[in-house]
2 protein chains.
Amino acid sequence: MSRDPDAADDDALDVANANAAFYAAFEARDLDAMAEVWERSTRATCTHPGWPTLHGWVQVIGSWEAIFRNTPWIQFVLTDEIVEVEGDTAWVTVTENILQGESVHASSAAALNVFVRRTAGGGWRLVVHHGSPVASSDG
Amino acid sequence: MSRDPDAADDDALDVANANAAFYAAFEARDLDAMAEVWERSTRATCTHPGWPTLHGWVQVIGSWEAIFRNTPWIQFVLTDEIVEVEGDTAWVTVTENILQGESVHASSAAALNVFVRRTAGGGWRLVVHHGSPVASSDG
């Protein structure tokens, strides 16, 4: 709370950029870019919509490899993005409006992404991604 | 990383206790106890399984009131709980094995709970809860 407001704004912007890099890597289905976004550690954790939680970098990157291999194309329209920074940790809540598949199937997911500040070189790393399906209102 | 290991252990235990208090309040369907667990702020955020994300304490507590009113009983068996502490922020990933309803319907959810350290008086407050349905393997 005693932090410089300008520095806090910079932090929030940096986190928003890191979050954008995550979705850019997903859309591009670029495994190297996805690896660059993450903290590649044992505490890296990922919950894909409908999946059980995966723990540790080996499981996490394995899931992205499988998803990218089985996704011909995917596009995200992100709405309701809110960034919160608390010291060296930050979290982003965002609604993922998803277009994918040959039939241009549209769906929606609620995501919570947790980032930690890098100890050197600046920037933020994604340490937890949790996406969950949102039931359609006409379902 | 330079923190006293004993203090880090204490932090993780405190966070685990705060997480347990959240599920105890849920099982008891006790709105006052649930309010005590949370940081009652505009950044309080809650995603119930299948729901869109709710932002702000008024929306969050309103959702618990509605859920408690419509839940005759509910019981959680928690598995795979992992606590991570990063400065004044912590997050817990846990699998919620849920018994509820008159037919003892069993289901499973993946949860991510984010806590922040209280500025005074010690302890931790829940600031984000995100629960998502896990598809059953025989589904």
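**Comments concerning the overall build of chain A**
Link 1 in the chain: Check the secondary structure of chain A and you find 3 helices and 6 strands.
Link 2 in the chain: Helices (α) and strands (β) of chain A occur, in sequence order from the N terminus, as α-α-β-β-α-β-β-β-β.
Link 3 in the chain: In terms of overall dimensions, chain A is globule-like: its C-alpha atoms have a radius of gyration of 15 Å, near the 14 Å expected for 139 residues.
Link 4 in the chain: Expressed along its principal axes, the backbone C-alpha trace of chain A runs to roughly 50 × 35 × 25 Å.
Link 5 in the chain: Counting every position in chain A, which comprises 139 residues, the buried fraction comes to 34%.
Link 6 in the chain: Nonlocal contacts in chain A, meaning residues at least 24 apart in sequence, comprise 47% of its contacts between residues at least 6 apart.

**Some points on the relation of the copies chain A and chain B**
Link 1 in the chain: When chain A is brought onto chain B, the operation consists of a screw motion whose angular component is 180° and whose axial shift is 0.0 Å, with 0.0 Å RMSD remaining. On the angle and the small slide along the axis, the relation comes out as a two-fold axis. Within chain A, Ser132(A) has its C-alpha nearest the rotation axis, a separation of 2.6 Å.
Link 2 in the chain: Same-surface contact between copies: 100% of interface residues of chain A are shared with the interface of chain B.

**Points about the interface of chain A and chain B**
Link 1 in the chain: Of the residues lining the interface, 29 residues belong to chain A; the matching set on chain B comes to 29 residues.
Link 2 in the chain: Of all elements in the fold, only strand E1 (45-47), strand E3 (74-86), strand E4 (89-100), strand E5 (105-117) and strand E6 (124-133) of chain A reach the threshold of two or more residues within the side of chain A that touches chain B.
Link 3 in the chain: Considered class by class, the residues forming the side of chain A that touches chain B number 13 nonpolar, 11 polar and 5 charged.

**Brief notes about the pairing of E3(A)**
Consecutive side chains of a regular strand alternate in pointing toward one face of the sheet and then the other.
Residues and elements named next belong to chain A.
Link 1 in the chain: Pairing of E3 with E4 involves 11 bridges; the strand directions are antiparallel. In the sheet register, Ile 82 faces E4, and the bridge partner there is Thr 93.
Link 2 in the chain: Hairpin connection of E3 to E4: 2 residues between the antiparallel strands, including Gly 87 at a positive phi of 65°.

**With respect to the environment of Ala18(B)**
Residue and element names in this part refer to chain B.
Link 1 in the chain: The topology assignment puts Ala 18 in helix H1 (residues 5-28).
Link 2 in the chain: Looking at Ala 18, the number of C-beta atoms within 10 Å reads 20, which means it is buried.
Link 3 in the chain: When the C-alpha positions of Ala 18 and Gly 56 are compared, they lie 20 Å apart, and in sequence the two are 38 residues distant.
Link 4 in the chain: Among residues more than four places away in sequence, those in contact with Ala 18 are Val 37, Phe 115, Gly 123, Trp 124 and Leu 126.

**Quick look at the environment of Ser132(A)**
Link 1 in the chain: Positionally, Ser132(A) belongs in strand E6.
Link 2 in the chain: Spatially, the C-alpha atoms of Ser132(A) and Arg117(A) are 25 Å apart, while their sequence positions differ by 15 residues.
Link 3 in the chain: Setting aside residues no more than four positions away along its own chain, Ser132(A) makes contact with Pro49(A), Ala109(A), Ala110(A), Thr47(B), Pro49(B), His130(B) and Ser132(B).

**A closer look at the sheet that holds strand E2 (residues 54-55) of chain B**
Residue and element names in this part refer to chain B.
Link 1 in the chain: Within the open sheet, the 6 strands sit side by side as E2-E1-E6-E5-E4-E3. Their pairing is mixed. Strands with a single pairing partner mark the edges of an open sheet, and in this sheet they are E2 and strand E3 (74-86).
Link 2 in the chain: Contacting E3, strand E4 (89-100), strand E5 (105-117) and strand E6 (124-133), H1 runs over the sheet at an angle of about 155° to E3.

**With respect to the sheet that holds E3(A)**
In a beta sheet, neighbouring strands pair by backbone hydrogen bonds and run either parallel or antiparallel.
Residues and elements named next belong to chain A.
Link 1 in the chain: Sheet architecture is open: 6 strands sit in the order E2-E1-E6-E5-E4-E3, paired in mixed fashion. If you trace the sheet from one side to the other, it starts and ends with strand E2 (54-55) and E3, each paired once.
Link 2 in the chain: Strands E3, E4, E5 and E6 of the sheet are contacted by helix H1 (residues 5-28), whose axis makes an angle of about 155° with E3.

Basis of the calculations
Residues numbered from 1 in each chain as written. Chains lettered and ligands numbered in written order. Predicted model: local features only at pLDDT ≥ 70, side-chain atom pairs only at ≥ 80, totals over all residues. Helix = DSSP H or I, 4+ residues; strand = E, 2+ residues; numbered from the N terminus. Rg over C-alpha atoms; globule rule 2.2 N^0.38 Å. Buried ≥ 20, exposed ≤ 12 C-beta atoms within 10 Å, placed from the backbone. Contact = placed C-beta atoms within 7 Å. Least-squares fit on C-alpha atoms with pLDDT ≥ 70 in both. Nonpolar A, V, L, I, M, F, W, Y, C, P; charged D, E, K, R; others polar. Pairing = 2+ DSSP bridges. Axes fitted to C-alpha atoms, helices over the stretch in contact; angles between N-to-C directions.

Keep in mind these numbers describe shape, not what the thing actually does.
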